[in-house]
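# Secondary and tertiary structure notes
Single-letter residue listing:
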Amino acid sequence: MDKTLLIIKPDAVKKNLSGKILKHISDAGFQIIGMKMMWLNKEQGGRFYEIHKGKDFYEWLVNFISSGPIVVACLKTPDAPPKLREVVGATDPKKAAPGTVRNLYGTSVGENVVHASAPDENPQREIDFFFTREELFTY
Ligand code: CDP
Ligand code: MG
């Protein structure tokens with residue numbers, strides 16, 4: 001799998017961190033092959049995060065992801081999903097390795113600035129959630 005999905009979450013967009021985060025990702029070797037800014041409604045947020053349905057943070061998470069604009073990007077590089085998870089760092093910014101995106105910019109386990117597809121949770125499904133084939137540019 002050479003593609004994965006990145007979401008810059010509403011906390012980061014609000015704090016004007018989109019540019020810094022995209023530079024970080026580009027410097028790590030990812031090519032942006034699709035990108036858009038959008039605002040999900042709760043139904044869309046709930047569907048995107050349906051894998052977490054039933055967990056104690058699900059409702060909070062759906063409200064959070066639909067609380068403001070997000071930037072979604074499809075990224076390409078060899079072994080993209082595990083590589084992006086490494087660059088993004090652990091879910092909890094306090095536990096994320098120094099220099100990772102969440103370590104640098106995250107404020108709490110919930111408001112952790114980005115989503116990155118989990119390698120074992122179907123990254124292609126997440127890419128297809130936001131992008132049609134025609135909206136991805138490879139050359
Ligand atoms: O995003 P990641 O795959 O690292 O973590 P997850 O366990 O799949 O959880 C998805 C998202 O739910 C996280 O990125 C957090 O924003 C949020 N979350 C939370 O608010 N509280 C938790 N205890 C765990 C996750
Ligand atoms: Mg996850």
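Parameters at a glance
Residues numbered from 1 in each chain as written. Chains lettered and ligands numbered in written order. Predicted model: local features only at pLDDT ≥ 70, side-chain atom pairs only at ≥ 80, totals over all residues. Heavy atoms only, no water. UniProt positions renumbered as here; feature names shortened; annotations may be inferred. Helix = DSSP H or I, 4+ residues; strand = E, 2+ residues; numbered from the N terminus. Rg over C-alpha atoms; globule rule 2.2 N^0.38 Å. Buried < 20%, exposed > 50% of the residue type's maximum accessible area, 1.4 Å probe, protein only. Contact = heavy atoms within 4.5 Å. Areas by Shrake-Rupley, 256 points an atom, 1.4 Å probe, with all protein chains shown as cover. Lys, Arg positive; Asp, Glu negative; His and termini not counted. Charge placed at Lys NZ, Arg CZ, Asp CG, Glu CD. Near = heavy atom within 4 Å. Polar contact = N/O pair within 3.5 Å; in protein donor to acceptor, adjacent residues only side chain to side chain. Nonpolar A, V, L, I, M, F, W, Y, C, P; charged D, E, K, R; others polar. Salt bridge = Lys/Arg side-chain N within 4 Å of Asp/Glu carboxyl O. Phe/Tyr/Trp six-rings, centres within 6.5 Å; stacked < 30°, edge-to-face > 60°.

As recorded in an unreviewed UniProt entry, the protein goes by the name nucleoside-diphosphate kinase, listed as coming from candidate division WOR_3 bacterium SM23_42. Regarding the protein, the relevant UniProt record gives this comment under Cofactor (unreviewed entry): "Mg(2+)". Entered under Sequence similarities (unreviewed entry) in the UniProt record, the comment concerning the protein runs "Belongs to the NDK family."

## Looking at the overall build of the protein
When helices and strands are counted, the protein shows seven helices and four strands. Reading the protein from its N terminus to its C terminus gives the helix and strand order β-α-α-β-α-α-β-α-α-β-α. Expected size for 139 residues packed as a compact globule is a radius of gyration near 14 Å; at 14 Å, the protein falls within 12% of this value. The dimensions of the protein, computed from C-alpha atoms along their principal axes, are 40 × 35 × 30 Å. Relative to its 139 residues, the protein shows a buried fraction of 47%. For the protein, contacts bridging at least 24 residues in sequence account for 76% of all contacts bridging at least 6. Roughly 7300 Å² of accessible area belongs to the protein as shown, and the carbon and sulfur atoms make up 54% of that amount. Charge centroids of the protein, computed over 19 positive and 17 negative side chains, lie 4 Å from each other.

## Quick notes on the site of ligand 1
Taken together, Lys9, His52, Phe57, Trp60, Leu61, Arg85, Thr91, Arg102, Val109, Gly110 and Asn112 make up all the residues around ligand 1. Here an oxygen atom of ligand 1 sits 2.9 Å away from a polar atom, N or O, in the side chain of Arg85. Here Thr91 contributes a side-chain N or O atom positioned 2.5 Å from an oxygen atom of ligand 1. Surface burial for ligand 1 is 80%, taken as the share of its 500 Å² of free accessible area covered by protein chains. For the shell around ligand 1, the residue count by class is four nonpolar, four polar and three charged.

## Some details on the pattern of salt bridges
Counted under the stated rule, the structure contains seven salt bridges. Residues Glu135 and Lys36 are paired through a salt bridge, measuring 3.0 Å at the closest nitrogen-oxygen approach. Note that Glu135 is positioned in the segment after helix H7 (123-130) and Lys36 in strand S2 (residues 31-38), a separation of 99 residues in sequence. The exposure class of Glu135 is partly exposed, given its relative accessible area of 31%.

## Here we look at the UniProt feature "domain: Nucleoside diphosphate kinase-like" (unreviewed entry) in the protein
In the numbering adopted here, UniProt assigns the feature "domain: Nucleoside diphosphate kinase-like" (unreviewed entry) to residues 1-138. End C-alpha to end C-alpha, residues 1-138 measures 14 Å, and it is 38% helix and 17% strand.

## Remarks on the UniProt feature "binding site: ATP" (unreviewed entry) in the protein
The feature "binding site: ATP" (unreviewed entry), as given by UniProt, occupies Lys9, Phe57, Arg85, Thr91, Arg102 and Asn112 in the numbering adopted here. Excluding residues within four positions of it along the chain, Thr91 makes contact with Arg102, Val109 and Asn112. The exposure class assigned to Arg102 is buried, which follows from its relative accessible area of 5%.

## A look at the packing of aromatic side chains
One pass over the full model with this rule turns up five aromatic pairs. Each ring, one from Phe48 and one from Phe130, has its centre 5.4 Å from the other, and the planes form 50°; the classification is tilted. Linking Phe48 in helix H3 (residues 42-48) with Phe130 in helix H7, this pair joins segments that are 82 residues apart in sequence. The same class applies to Phe48 as to Phe130, namely buried. A centroid spacing of 4.9 Å and a plane angle of 25° characterise the contact between Trp60 and Phe64, whose relative ring orientation is stacked. Placement of both Trp60 and Phe64 in helix H4 (residues 58-65) is noted, with a separation of four residues, approximately one turn of the helix.

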